[in-house]
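# Report on the structure
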Amino acid sequence: MPVADPILMGVINVTPDSFSDGGRFLDAHAAVEHGKRLADAGADMLDVGGESTRPGAEPVSEAEELERVIPVVERLAQPGVGRISIDTTKLEVARAALQAGARVVNDVSAFRHDPEMAGLVASGGADCCLMHMLGEPRTMQRDPRYGDVVSEVKAFLEERLSFAVREGVPERRVLLDPGIGFGKTLDHNLELLRRLAEIVAIGRPVVFGASRKRFLGRLTGRAEDERVPGTIAASVLAYERGASIFRVHDVVEVRDALRVAVATVGA
Ligand code: HH2
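Let me begin by describing the structure that accompanies this report.

Thresholds, definitions, all that
- Residues numbered from 1 in each chain as written.
- Predicted model: local features only at pLDDT ≥ 70, side-chain atom pairs only at ≥ 80, totals over all residues.
- Heavy atoms only, no water.
- Near = heavy atom within 4 Å.
- Polar contact = N/O pair within 3.5 Å; in protein donor to acceptor, adjacent residues only side chain to side chain.
- Areas by Shrake-Rupley, 256 points an atom, 1.4 Å probe, with all protein chains shown as cover.
- Nonpolar A, V, L, I, M, F, W, Y, C, P; charged D, E, K, R; others polar.
- Core = buried A, V, L, I, M, F, W, Y, C linked by side-chain atoms within 4.5 Å.
- Buried < 20%, exposed > 50% of the residue type's maximum accessible area, 1.4 Å probe, protein only.
- Helix = DSSP H or I, 4+ residues; strand = E, 2+ residues; numbered from the N terminus.
- Contact = heavy atoms within 4.5 Å.
- Pairing = 2+ DSSP bridges.
- Axes fitted to C-alpha atoms, helices over the stretch in contact; angles between N-to-C directions.
- Salt bridge = Lys/Arg side-chain N within 4 Å of Asp/Glu carboxyl O.
- 1 Å grid on protein atoms, 1.4 Å probe; cavity = no way out; pocket = protein on both sides within 12 Å on 5 of 7 lines; lining within 4 Å.
- Points joined across faces, edges and corners; volume = space filled by probe spheres on them.

## Remarks on the site of the ligand
For the ligand, the set of nearby residues contains 16 residues, the closest of which are Asn13, Thr53, Asn106, Asp177 and Lys213. In this structure, a nitrogen atom belonging to the ligand sits 2.8 Å away from a side-chain N or O atom of asparagine 106. Bound to the protein, the ligand loses 96% of the 470 Å² it would expose on its own. Grouping the amino acids of the shell around the ligand by side-chain chemistry returns 5 nonpolar, 6 polar and 5 charged.

What follows is the structure, given as structure tokens:
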């Protein structure tokens, strides 16, 4: 069932390949300006991340990640900018980001990298997004296999939701995400999108992140910055199947598309 008010989560990657110019301060400045533009464009949430989780990406140290993201979170966590989520699997990065004003922990490991993350989210009164990933970013695209991808992702998310609740996170604070592109082939991604309603049926808001991802390039032959039409198509299909939150780079374009979708099939 489509929701009445889809939420747009704008992506801010504070990684060297995103804002690669003259050093730390300029990188942070560019990221903050980018975040403000996304907020002006209609992003309800801004997802700040300092460690790439793309296929093949190498991990970064805690110190490096802290240096990248905390100045950006501090400066974006202001009235009128929207809720800040911190895209991290590291406990100390999440802790510092919550202290700096973030309200959501977006953990692509779903509290597996650092199980104490659950307690931090619980005591901090934060929201969290728990995402499915098979393997780890460096190797996850090497021949991922499932029996039935949708049932396995669903069972994983139910188990992680139970874990979070056992650790004291109120259920109403948990968002779930099937993890498009995280240890999935093209067919796995399409099957998850086609049957997304089965993930929505768990009963928590579903985050959907297909923005500019490789499977769209596989389908269209387009380079990363030419995948906006593919992103829109995937987002609208996910909306129709009940997704609530859309993690995207192209806020204006996806917002317009979702407005049409809401007016047509919105609850
Ligand atoms: N995708 C990426 C990163 N974080 N978090 C959630 N909850 N869902 C996602 O689908 C998701 C995510 C990867 O996307 P991208 O911004 O293209 O790459 P990077 O790893 O450089 O941030």
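There's plenty left to go through after this.
## A short note on the nonpolar core
Most often, soluble globular proteins keep nonpolar side chains buried together rather than apart. Core analysis: the largest hydrophobic core is formed by 73 residues, its most contacted members being Val48, Leu76, Phe111, Phe208 and Phe246. Per-element accounting of this core gives the leading share, 8 residues, to helix α5 (residues 149-166). Beyond its immediate stretch of four places on either side in the chain, phenylalanine 208 contacts Ile180, Leu193, Leu196, Ala234, Ser235, Ala238, Ala243, Ile245, Phe246 and Arg247. Membership of the second largest hydrophobic core comes to 7 residues, among which are Met9, Val104, Val207 and Ile245.

## Focus on the sheet that holds strand β3 (residues 83-87)
Strands sit in the order β6-β5-β4-β3-β2-β1-β8-β7 across an open sheet of 8 strands; the sheet is parallel. A strand with exactly one partner marks an edge of an open sheet, and here the two such strands are β6 (174-177) and β7 (207-208). Sheet topology note: the β7/strand β8 (residues 245-248) ladder contains 2 bridges and is parallel. Pairing of phenylalanine 208 across the sheet is with phenylalanine 246, part of β8. Strand contacts of helix α9 (residues 228-240): β7 and β8, with the helix running at about 165° to β8, the strand carrying the most contacts.

## Comments concerning the environment of aspartate 40
Along the polypeptide, aspartate 40 turns up in helix α1 (residues 23-40). The exposure class assigned to aspartate 40 is exposed, which follows from its relative accessible area of 70%.

## Digging into the pattern of salt bridges
Any two side chains of opposite charge can pair, on the condition that their charged atoms come close. One pass over the structure, following the stated rule, counts 19 salt bridges. Two residues, arginine 95 and glutamate 92, come together in a salt bridge whose shortest N-O distance is 3.0 Å. Taken together, the residues span about one helical turn, with arginine 95 and glutamate 92 both in helix α3 (residues 91-99) at a distance of 3 residues. For arginine 95, a relative accessible area of 32% corresponds to the partly exposed category. Assessed through its relative accessible area of 30%, glutamate 92 is described here as partly exposed. For arginine 173, the salt bridge goes to aspartate 127, with nearest N and O atoms at 2.6 Å.

## Regarding the layout of surface pockets
Considering only enclosed or pocket space, the largest pocket measures out at about 660 Å³ in volume. Surrounding the largest pocket, 35 residues form its lining, Thr53, Arg54, Pro55, Phe182 and Lys213 being those nearest its centre. For the lining of the largest pocket, the secondary-structure elements that each account for two or more residues are α6 (186-194) and α8 (214-220). Ranked by residue count, the leading element in the lining of the largest pocket is α8, at 3 residues. Of the residues belonging to the lining of the largest pocket, the class tally is 8 nonpolar, 14 polar and 13 charged. Of the voids in this model, the second largest pocket is the one considered here, and its volume is about 280 Å³. Taken together, 17 residues form the lining of the second largest pocket, with Glu51, Thr89, His113, Glu136 and Pro137 sitting closest to its centre.

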